[in-house]
Amino acid sequence: MIDLKQILSVSLILFSVIDILGSIPIIINLRKKVGHIQSEKATVAAGVLMILFLLAGKSILGLFGIGVEDFAIAGALIIFALGAEMILGIELFKPDPDATAGASIVPIAFPLIAGAGTLTTILTLKAEFAQVNIAIGILLNLVFVYAVLKSTTWLERKLGKTGLDVLRRIFGIILLSIAVKIFKTNAFPMDIV
């Protein structure tokens, strides 16, 4: 049953986990490397991943013998590498000149939009909220993600080179912190200690 309060709660939780505004410097940086980011493709791919995880996340991971914790740790390592790139000015994700559309899927659709944190959160939300309300919350977030992806060129002009450099380093530190938190939470669960 559709519940506006649940939809609002799910939307806000996913908005904070996806943090598309915080990913703007990463997206601009990737666009400079590969030329063009396909906003539609990235949004649809992220949406498919999120809905797929909503419907069958634990089962999919179970097919490969992977636990939610393992998945979260792998995502944390990718997020850590992106953060290190942003802070240190190094290039870990080399652009493939033959596959410029690939950057729309990796690392934008996964792990930036539909990363381990987002997918794990979706699995967690199922314990508290109705599936239909989670799906609506996902769709609302995807609309916002698409709008941000489409406006990165405009945002880049408004922020300027210095503003982007400062943002890139600040969000690089935030990404490293998120990666460490996800890693600690899933590598060293509290019940073991």
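Structure report, in brief. In this text the structure is predicted, and so the values were computed from the model without any measurement. (Residues numbered from 1 in each chain as written. Predicted model: local features only at pLDDT ≥ 70, side-chain atom pairs only at ≥ 80, totals over all residues. Heavy atoms only, no water.)

## Let's talk about the nonpolar core
In terms of nonpolar packing, the biggest core is built from 49 residues, with Met50, Ile108, Ile113, Ile122, Ile134 and Ile138 touching the most fellow members. When residues of this core are traced back to their parent elements, those giving at least two are helix 1 (4-18), helix 2 (24-34), helix 3 (39-63), helix 4 (68-88), helix 5 (105-113), helix 6 (116-125), helix 7 (131-150) and helix 8 (152-187). Not counting chain neighbours up to four residues away, the residues in contact with Ile113 comprise Ile18, Ile20, Ala42, Ala46, Met50, Ile108, Thr118, Val145 and Leu149. (Core = buried A, V, L, I, M, F, W, Y, C linked by side-chain atoms within 4.5 Å. Buried < 20%, exposed > 50% of the residue type's maximum accessible area, 1.4 Å probe, protein only. Helix = DSSP H or I, 4+ residues; strand = E, 2+ residues; numbered from the N terminus. Contact = heavy atoms within 4.5 Å.)

## Describing the pattern of salt bridges
Throughout the structure, instances matching the rule amount to four salt bridges. Here Lys32 makes a salt bridge to Glu156, at a shortest N to O gap of 3.4 Å. Of this pair, Lys32 sits in helix 2 while Glu156 sits in helix 8, and the two are 124 residues apart along the sequence. Exposure remark for Glu156: the relative accessible area of 17% places this residue in the buried category. Here Lys150 ties to Glu40 by a salt bridge, and the two come within 3.2 Å at their closest N and O atoms. You can see Lys150 sitting in helix 7 and its partner Glu40 sitting in helix 3, a full 110 residues away along the chain. One network of salt bridges, with partners in common, ties together Arg31, Lys32 and Glu156. (Salt bridge = Lys/Arg side-chain N within 4 Å of Asp/Glu carboxyl O.)

## Here's the deal with the environment of Leu92
Structurally, Leu92 can be placed in the loop between helix 4 and helix 5. As a C-alpha pair, Leu92 and Leu82 span ten residues in sequence and 7.8 Å in three-dimensional space. The residues contacting Leu92, other than those within four sequence positions of it, are Ala81 and Glu85.

## Section: the environment of Leu82
Along the chain, Leu82 turns up in helix 4. Leu82 sits 56 residues away from Ile26 along the chain, and the two C-alpha atoms are 7.8 Å apart.

## A few points about the packing of helix 2 against helix 5
Closest axis-to-axis distance for the helix 2/helix 5 pair is 11 Å, and the angle between their directions is 165°. The angle between helix 2 and helix 5 falls in the class roughly antiparallel. As for how helix 2 packs across helix 5, the hand of that crossing is right-handed. Each of Ile26, Ile27 and Leu30 in helix 2 lies in contact with helix 5, whose residues at this interface are Pro107, Ile108 and Leu112. For the contact of helix 2 with helix 5, a count of residues per class yields six nonpolar, no polar and no charged. (Axes fitted to C-alpha atoms, helices over the stretch in contact; angles between N-to-C directions. Parallel < 35°, antiparallel > 145°, perpendicular 65-115°, else oblique. Left-handed = near helix turned anticlockwise from the far one by under 90°. Nonpolar A, V, L, I, M, F, W, Y, C, P; charged D, E, K, R; others polar.)

That is the geometry; function is a separate question.
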